[in-house]
Amino acid sequence: MLLFSRQLHTLLKAGVPILRALNGLQESAINPAMKEVIQEIRESLEGGRELSASFARHPKVFSPFYVSMVRVGEATGMLEEIFLRLFEHLEFERFMREQVKAALRYPMFVVIAMAAAVVVINLFVIPAFAKVFAGFGADLPLMTKILLATSKFFVDWWPYLLVALVGSVFAFRSWVGTTSGRYQWEAIALRFPIAGKILHKAALARFARSFALGTRSGVPVMQALSNSAQTVDNSYIAKRIDEMRETVERGESVLRSAMQTKIFTPVVLQMVAVGEESGALDDMMDEIGEMYQRDVEYELKTLGAQIEPILIVALGVMVLILALGVFLPMWDLGKVAFKR
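Only a predicted model underlies this, so the values are computations on that prediction, with no experimental measurement involved.

Student: Whenever I open this one, the packing of aromatic side chains confuses me. Can you help?
Tutor: When we look at a pair of aromatic rings, we describe it by the centre distance and by the angle of the planes. Tallied over the full model, the rule gives 16 aromatic pairs. A centroid spacing of 6.4 Å and a plane angle of 80 degrees characterise the contact between Phe55 and Phe83, whose relative ring orientation is edge-to-face. Highlighted residues: Phe55 in helix α4 (residues 51–56) and Phe83 in helix α6 (residues 79–134), separated in sequence by 28 residues. Each member of the pair, Phe55 together with Phe83, is buried. The interplanar angle of 85 degrees and the centroid separation of 6.5 Å between the aromatic rings of Phe153 and Phe154 together place this pair among those described as edge-to-face. For Phe153, a relative accessible area of 41% puts it in the partly exposed group. In this structure an aromatic cluster arises from ring pairing among Phe4, Phe55, Phe62, Tyr66 and Phe83. Geometry around Phe92 places Arg209 over its ring, the cationic atom sitting 4.3 Å from the centre. Positioned over the ring face of Tyr183 is Lys239, at 5.0 Å from the centre of the ring.

Student: Hey, could you run me through the pattern of salt bridges in this one?
Tutor: Oppositely charged side chains are able to pair whenever their charged atoms sit close together. Counted according to the given criterion, the structure contains 15 salt bridges. Asp156 is the salt-bridge partner of Lys152, the closest N and O atoms lying 2.8 Å from each other. Taken together, the positions of Lys152 and Asp156, both in helix α7 (residues 142–177) and four residues apart, correspond to about one turn of that helix. Owing to a relative accessible area of 53%, Lys152 belongs among the exposed residues under this scheme. Note that Asp286 and Arg216 form a salt bridge whose closest N and O atoms lie 3.5 Å from each other.

Student: Looking at this model, I keep getting lost on helix α5 (residues 64–76). Mind explaining?
Tutor: Along an α-helix, residues three or four positions apart point the same way, because every turn accommodates 3.6 residues. Across its 13 residues, α5 extends 18 Å between first and last C-alpha, which sits within 8% of the 18 Å expected from 1.5 Å per residue. For α5, the full list of buried residues reads Phe65, Tyr66, Val67, Ser68, Met69, Val70, Val72 and Gly73. A positive backbone phi angle near 75 degrees is found at Gly77, which sits one or two residues after α5.

Student: Would you explain the layout of surface pockets in this entry?
Tutor: Gaps left between atoms show up when a probe the size of a water molecule is rolled over them. Space inside the largest pocket adds up to approximately 1100 Å³. Along the wall of the largest pocket there are 29 residues; nearest its centre are Leu104, Met108, Phe192, Ala195 and Leu199. When contributions to the lining of the largest pocket are tallied by element, the ones reaching two or more residues are α6, α7, α8 (179–189), α9 (195–216) and α15 (303–339). Among the elements that take part in the lining of the largest pocket, α6 stands out by supplying seven residues, more than any other. Among the residues forming the lining of the largest pocket, the class breakdown is 22 nonpolar, one polar and six charged.

Student: Honestly, the nonpolar core in this entry has me stumped. Any pointers?
Tutor: Soluble globular proteins: nonpolar side chains tend toward being buried together. Core analysis: the largest hydrophobic core is formed by 71 residues, its most contacted members being Phe4, Leu51, Phe55, Phe83, Phe264 and Met285. With residues near it in sequence (within four places) discarded, Phe4 still touches Leu22, Leu25, Met34, Ile38, Phe55, Phe62 and Tyr66.

Reading the values: rules and limits
- Each chain carries its own residue numbering, running from 1 in the written order of its sequence.
- Totals for whole chains, interfaces and linings use all residues, but because this is a predicted model, local features are given only for residues with pLDDT of at least 70 and pairs of side-chain atoms are given and counted only at 80 or more.
- Only hydrogens and water are removed before side-chain values are computed, so all heavy atoms of the structure are retained for them.
- Pairing of aromatic rings covers Phe, Tyr and the six-membered ring of Trp, with a centre-to-centre limit of 6.5 Å; geometry is then stacked below 30 degrees between planes, edge-to-face above 60, and tilted otherwise.
- Only runs of H or I of at least four residues qualify as helices and only runs of E of at least two qualify as strands under DSSP, and these elements are numbered from the N terminus.
- Here's how the labels work: a residue is buried when its accessible area is under 20% of the maximum for its type, exposed when over 50%, partly exposed in between, all with a 1.4 Å probe on protein chains only.
- Placement of a charge over a ring requires the Lys NZ or Arg CZ to be within 6 Å of the ring centre, with the centre-to-atom vector within 35 degrees of the ring normal.
- We define a salt bridge as a side-chain nitrogen of Lys or Arg found within 4 Å of a carboxyl oxygen belonging to Asp or Glu.
- In this analysis, the expected span of each helix is defined as 1.5 Å times one less than the number of residues it contains.
- With a 1 Å grid spanning the protein atoms alone, the term cavity applies to any set of points in which a 1.4 Å probe fits but cannot get out, the term pocket to an open set with protein on both sides within 12 Å along at least five of seven lines, and the term lining residue to any residue with an atom within 4 Å of a point.
- Grid points are joined across faces, edges and corners, and a volume is the space filled by probe spheres set on the points.
- Gly falls in the polar group here, along with every residue not listed as nonpolar (Ala, Val, Leu, Ile, Met, Phe, Trp, Tyr, Cys, Pro) or charged (Asp, Glu, Lys, Arg).
- We call a set of buried residues a nonpolar core when its members are Ala, Val, Leu, Ile, Met, Phe, Trp, Tyr or Cys and they connect through side-chain atoms within 4.5 Å of each other.
- Residue contacts are counted whenever heavy atoms from the two residues lie within 4.5 Å of one another.

Here it is as structure tokens:
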């Protein structure tokens, strides 16, 4: 989509007719699916449809936001400029998604590794020590009893635990697959201690940039809000933006409707107020998008420093429990043997 938007902008700017431009893109397309889509768009144009209507026939490829922007370009005669702005918007969205995924990859990997370590220790390591402890014939420390009981539970019930884990994963995915489930989960995700604020700022950055792009291109405010809600990649924030649109439709200002959503910081609300009063709301929203983008980049750079202490403490607690549970009985046995 990035290449398609950029190349179509270049061809249209050079004065190449749209059908000829699409023909060239179809011949040079590497992706077979994209090549087929472009061919169907050409056939649709030859049948008398508009470019936006041809795009709308492929909702899995062209988002409603993309189609709306192309429709605006057709109405204003700025189609080549719209494709350039869409390219920049898609590039920005791709950057934000990759940055967020990269930020969450490290902590997820560490948590999964720690969970795997706990399972291996309970299934294989502690049972080996349990045989040694059984030969002591002495009263074991409380921590050791807890570890042995936990390990026995894992050994006896691991098939059921595995089935429960797999079932939980499928149940979670089914729940998130529903509209209400996805809304509730994405609302919860925004409250996560460290990752939540990154997801929140990334979603608002996408909203601000897409809203600025729409209003700058001549899209009415209500339609720009509706289109922008589809680009935030978070159903909770999307619903807040839809409520913002409904408030604007009732005659309220963008500032008052933004205040009612309670998803923007006071600084952002102040910038919206200035933009609305000066008639430069698109420029201010663009500034807000860039500000959130810089915040996200900073949060991602410092993410390791924020998460490391938490992971180190968790790992230290796990090692301490294992050390106390496994080595205390051996230490007691060693002292008894030494006295003898």
